[in-house]
Amino acid sequence: MLPQLFSPSVQHTLDLVGIFVFAISGALLAVRKNFDVFGIAVLAEVTALGGGLFRDLIIGAVPPAAFTDKGYFVTPLFAALLVFFLHPQVERIQGAVNVFDAAGLGLFCVAGTTKAYAYGLNLTASAALGLATAVGGGVLRDVLANEVPSLLRWDRDLYAVPAIVGACMVAVFLHYDVLTTFTTAFAVTAAFVLRLLALRFHWRAPRAWNRRSTVREVPEDGLGGGVAEQEKATA
Amino acid sequence: MLPQLFSPSVQHTLDLVGIFVFAISGALLAVRKNFDVFGIAVLAEVTALGGGLFRDLIIGAVPPAAFTDKGYFVTPLFAALLVFFLHPQVERIQGAVNVFDAAGLGLFCVAGTTKAYAYGLNLTASAALGLATAVGGGVLRDVLANEVPSLLRWDRDLYAVPAIVGACMVAVFLHYDVLTTFTTAFAVTAAFVLRLLALRFHWRAPRAWNRRSTVREVPEDGLGGGVAEQEKATA
Amino acid sequence: MLPQLFSPSVQHTLDLVGIFVFAISGALLAVRKNFDVFGIAVLAEVTALGGGLFRDLIIGAVPPAAFTDKGYFVTPLFAALLVFFLHPQVERIQGAVNVFDAAGLGLFCVAGTTKAYAYGLNLTASAALGLATAVGGGVLRDVLANEVPSLLRWDRDLYAVPAIVGACMVAVFLHYDVLTTFTTAFAVTAAFVLRLLALRFHWRAPRAWNRRSTVREVPEDGLGGGVAEQEKATA
């Protein structure tokens, strides 16, 4: 997904790494939701490929890469199998999974922006699609699992911001015509490090001002319950 | 989105007004759901542009207008900022917001039908896509917020019917080859006024016959709780 | 949707039967969710046409068949009307509805695979899209109704497996160039019978291994409550 910037084999390997870790996050949620083995596979596929699929439909790259590259399709199935058999072990290395997920976030926001621009979209739209590539799969995962997308929730560490920064850096590089392998790697790294810092220091984005005046305050629920459920619990 | 019917600048201004008010409704829901500032921006974008995006994907107009027109993309961000800082004030003028939303509904159902027909769809499909253009963003908004789409709920004032009427009027005008600026404005106004009347007199659509025989009756909840939650509350 | 395998009129009739029974399942869920008449119609349309729509967007067949064939569009409306007036009677013949739904599952997984292959996708991707054609509408139905997709839930009789078997049989036939009317009918029948057996003997797919170590066990709820709700009930 990073045309002409890395060598094709390096680029493809990076894509597959990103797809694999995104699929792990989908499969883990499926286990937590008590889904069966097919539910785990579906959620792994959707999480890993959903963002790129959305981008490809928007830019008219049909059939999308998710359906033409067998590696893209098969990789999430391996992730699903791994989680199916070893999910307690995978849960235990959640820290490592988060690091890889941050790497996937960095790779996908940059690759998505680059591909959208290559298909003729303007810089603003390309950056927006880069963001969508990086976070779209996770949103679809949460929608299918009938949860409030963690992307939208205030009580989650920053996820959109690192992707926005990475995508905007690529847009700026494209504007000044300085997008090279080096600057691309720099944008990927920036998004990656920013996400790790957000995880480490629990950076969060502000909610609307004057919230208390109209919205019932809810206690934070360490068990990962949805906002709606929290509100019910306090009602 | 109304090719050749209004002058381009008038047409574009009307589009932006519709996009703005739809974005307001998305941003307000995001605040009520306690989302952070990025969640507010995402829900504003999705609500404002989702219906047109769906239509453009179906008719093959890629990349969709939402990604080629910078005004379309930036307008929801302004709405999100406004709601972020001033949501108590915006909530207070909910009546005015509803009037503008009704205007957006009228504009979008007519514009969607016209554009679909211009891309070669038959009249039935064009009217269906006109409806989808008008209500699709709101459905996506509710799905992302993990709520039952208000479009589908019986305890909401008529929303689909005005859009259906507007879209079908355009289809009839197209069939008899009498679609002019005047008749277009007439269809927009009809949908607009119908929606205002539905709001004013709380018109609702019937639910299935003989419901009581199989479905538990639930009290109406003035606080906007979902159907599922109401059922839980009475269980 | 089965190009050149059955005679066009036979093929079209089979498509409409599949669309009709899928629409019935959508309309029945809408009634159970207490939606109004438009909600019933929307859920009928989405359930019946959603899977094929997704496939057509992926393979670039725009506008999708759902919007070019008036029969495809009107059939779900008849199903919605039927359920609107007679849903207690339709609920009572749920067994017959399930048999037709199984037939729809078999027809759609085979037709989806065939059409995707005709548009140039590889065999793996074609089979995946065949599965998506068959189950996509049901997933969209559940997402719009704000329920955990029954496709993903462990406490539902096998639904994905029959569709996977049918789609993979077609892929194998295509690989060996032996896809005829006869082998097509065989694949449809295999998926159909497999689904009926799953319903009859309550076959279910396994959940992740070692589940008990990390996931709270929940009692099975015969009333069709969602997983999340069950967890809340036991909490």
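Every value quoted in this text rests on a predicted model; they were computed, and no experiment measured them.

Scoring rules and cut-offs
Residues numbered from 1 in each chain as written. Chains lettered and ligands numbered in written order. Predicted model: local features only at pLDDT ≥ 70, side-chain atom pairs only at ≥ 80, totals over all residues. Heavy atoms only, no water. UniProt positions renumbered as here; feature names shortened; annotations may be inferred. Helix = DSSP H or I, 4+ residues; strand = E, 2+ residues; numbered from the N terminus. Expected span 1.5 Å × (residues − 1). Buried < 20%, exposed > 50% of the residue type's maximum accessible area, 1.4 Å probe, protein only. Arc of directions from axis to C-beta. Contact = heavy atoms within 4.5 Å. Buried area = accessible area lost by both parts, 1.4 Å probe. Salt bridge = Lys/Arg side-chain N within 4 Å of Asp/Glu carboxyl O. Polar contact = N/O pair within 3.5 Å; in protein donor to acceptor, adjacent residues only side chain to side chain. Nonpolar A, V, L, I, M, F, W, Y, C, P; charged D, E, K, R; others polar.

1. Focus on the UniProt feature "domain: Glycine transporter" (unreviewed entry) in chain A
And then number 1: Mapped onto this numbering, the UniProt entry annotates "domain: Glycine transporter" (unreviewed entry) at residues 13-87 and 99-173 of chain A.
And then number 2: Between the end C-alpha atoms of residues 99-173 of chain A there is a gap of 26 Å, over a span that is 75% helix and 0% strand.

2. Points about helix α8 (residues 181-201) of chain C
Residue and element names in this part refer to chain C.
And then number 1: The first and last C-alpha atoms of α8 sit 30 Å apart over 21 residues, in line with the 30 Å expected at 1.5 Å per residue.
And then number 2: All buried positions along α8 are accounted for by Thr-183, Thr-184, Ala-187, Val-188, Ala-191, Arg-195 and Ala-198. Buried residues of α8, viewed axially, fall in a sector of 150°; they line one side. Turned more than 90 degrees off the buried face of α8, the exposed positions are Phe-182 and Arg-200.
And then number 3: For α8, the secondary structure elements touched by its buried residues are α5 (94-118) and α7 (160-175).
And then number 4: Within two residues after α8, His-202 carries a phi angle of roughly 50°, on the positive side.

3. Observations concerning the interface of chain C and chain B
And then number 1: Residue-level contacts link 31 residues of chain C with 38 residues of chain B.
And then number 2: Of the roughly 3,000 Å² buried between chain C and chain B on both sides combined, carbon and sulfur atoms contribute 69%.
And then number 3: Considering only the surface of chain C that becomes buried against chain B, C:Asn34, C:Phe38 and C:Phe67 emerge as the three largest contributors, covering 23% of it.
And then number 4: Counting every contact that joins chain C to chain B gives zero salt bridges.
And then number 5: At the surface where chain C touches chain B, the tally comes to four residue pairs in polar contact (both at pLDDT 80 or more).
And then number 6: Every element with two or more residues in the side of chain C that touches chain B is listed here: α1 (8-32), α2 (37-59), α3 (65-68), α4 (70-92), α6 (123-144) and α10 (227-234) of chain C.
And then number 7: With eight residues, α2(C) is the single largest residue contributor to the side of chain C that touches chain B.
And then number 8: Residues of the side of chain C that touches chain B, tallied by class, amount to 20 nonpolar, five polar and six charged.

4. Some words on unusual backbone geometry
And then number 1: In this chain, B:Val62 is followed by B:Pro63 through a cis amide linkage whose omega measures -10°.
And then number 2: The topology assignment puts B:Pro63 in the loop between α2 (37-59) and α3 (65-68).
And then number 3: Unusually for a residue other than glycine, A:Asn146 sits at a positive phi of about 60°.
And then number 4: Tracing the backbone through its elements, the reader meets A:Asn146 in the loop between α6 (123-144) and α7 (160-175).
And then number 5: Residue class for A:Asn146 comes out buried when judged on its relative accessible area of 16%.

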